[in-house]
Each structure stands twice: as structure tokens, then as C-alpha cells.
Amino acid sequence: MEQQNENQLNIELSEEIAEGIFSNLAIITHSNTEFVLDFIRVMPGIPKAKVKSRIILTPEHAKRLMLAMQDNIEKFEAVHGRIKTQDETPFPMGFGGPTAQA
């Protein structure tokens, strides 16, 4: 008889979600109980952009996400070299709303 791990989690990924959503801007806001990550696609020359996806996390899960991202970026850079970032934002940020942090 096969013994199944009690802590095993079966995750289902629909075809629609598997396609993903492209985002080139993330706006992060928080309260004392949650972090809200809004993922936005900004198009050059268009002064309006829509939130394409919103993820709401508990503070603990937000920190776990940050640590997982750091770990994955380190692994990526070990194989592909340092990821270069621009000091200046390549598109205007004067769209109103909360201050962007990405």
C-alpha cells in the first residue's frame, strides 16, 4: 500500500491562469493586516493603465514572498549574470494614485 504524505498539497492550474499576465509595473500598498500587490501593464505613449491582477497577502506571506523572490533572483543571477536595473523609471509616473514601489 502506498503511503501518502499528509502535508502534500495538490495544486490545480487552469489553462487560462497558466497563460499568465504580463506586467511592467507593480504598486504595493499595505495596512496593518494585509499587503496589496497590484500588477499593471503600462504602454508607451498611453497615459492610462489598468490593473491586470491584484494579489492580497497577509504580512507573513508577503515576507515569505519577498524571501522566495530574493532566493530565486540569486539563483537566476548565478546562472545568467547580474540583472541590470535602471535608476530612472522609463515611463512617467504621474498617473495619480498610490506611490509605486517595484
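Let me sum up the structure you'll find in this document. From a predicted model like this one, the values you see are computed outputs, not experimental measurements. (Residues numbered from 1 in each chain as written. Predicted model: local features only at pLDDT ≥ 70, side-chain atom pairs only at ≥ 80, totals over all residues. Heavy atoms only, no water.)

**Digging into the sheet that holds strand E2 (residues 35-40)**
Strand order in the open sheet formed by three strands is E1-E2-E3, with antiparallel pairing between adjacent strands. The outermost strands of the open sheet, each flanked by one partner alone, are strand E1 (25-30) and strand E3 (51-57). Looking at each pair of strands side by side, their axes are set apart by 15 degrees on average, direction ignored. Two strands pair when backbone bridges link them, and E2 and E3 are joined in this way by six bridges, in the antiparallel orientation. (Pairing = 2+ DSSP bridges. Helix = DSSP H or I, 4+ residues; strand = E, 2+ residues; numbered from the N terminus. Axes fitted to C-alpha atoms, helices over the stretch in contact; angles between N-to-C directions.)

**Observations concerning a nonpolar patch on the surface**
A cluster of nonpolar side chains, namely Leu65, Met69, Ile73, Phe76 and Ile83, defines an oily patch on the protein surface of about 410 Å² accessible area. Relative to the helices and strands, phenylalanine 76 resides in helix H2 (residues 59-80). (Patch = residues over 30% accessible without salt bridge, like charges linked within 9 Å, V, L, I, M, F, W, Y side chains within 5 Å. Areas by Shrake-Rupley, 256 points an atom, 1.4 Å probe, with all protein chains shown as cover. Salt bridge = Lys/Arg side-chain N within 4 Å of Asp/Glu carboxyl O.)

**Considering the environment of methionine 43**
Inspection of the secondary structure assignment puts methionine 43 in the loop between E2 and E3. Between the C-alpha atom of methionine 43 and that of asparagine 24, which follows or precedes it by 19 residues, the distance is 9.0 Å.

**Some points on the pattern of salt bridges**
Opposite charge on two side chains lets them pair, provided their charged atoms get close. Applying the stated criterion across every chain yields a total of three salt bridges. Among the salt bridges present, the one from arginine 54 reaches aspartate 38, with a minimum N-O distance of 2.6 Å. With arginine 54 in strand E3 and aspartate 38 in strand E2, this residue pair connects regions lying 16 residues apart in the sequence. Relative accessible area serves as the criterion here: at 52%, arginine 54 is assigned to the exposed category. The exposure class of aspartate 38 is buried, given its relative accessible area of 8%. (Buried < 20%, exposed > 50% of the residue type's maximum accessible area, 1.4 Å probe, protein only.)

**Quick notes on H2**
Compared with the 32 Å implied by 1.5 Å per residue over 22 residues, the 31 Å span of H2 between its first and last C-alpha is a close match. Where H2 terminates, the next one or two residues include glycine 81, which has phi positive at roughly 95 degrees. (Expected span 1.5 Å × (residues − 1).)

**Comments concerning the environment of phenylalanine 39**
Structurally, phenylalanine 39 can be placed in strand E2. When its relative accessible area of 28% is taken as the criterion, phenylalanine 39 is described as partly exposed. In sequence terms phenylalanine 39 and serine 53 are 14 residues apart; their C-alpha atoms lie 5.2 Å from each other. Here phenylalanine 39 is in contact with Ser23, Leu25, Ala26, Lys50, Val51, Lys52, Ser53 and Ile55, once residues within four sequence places are set aside. (Contact = heavy atoms within 4.5 Å.)

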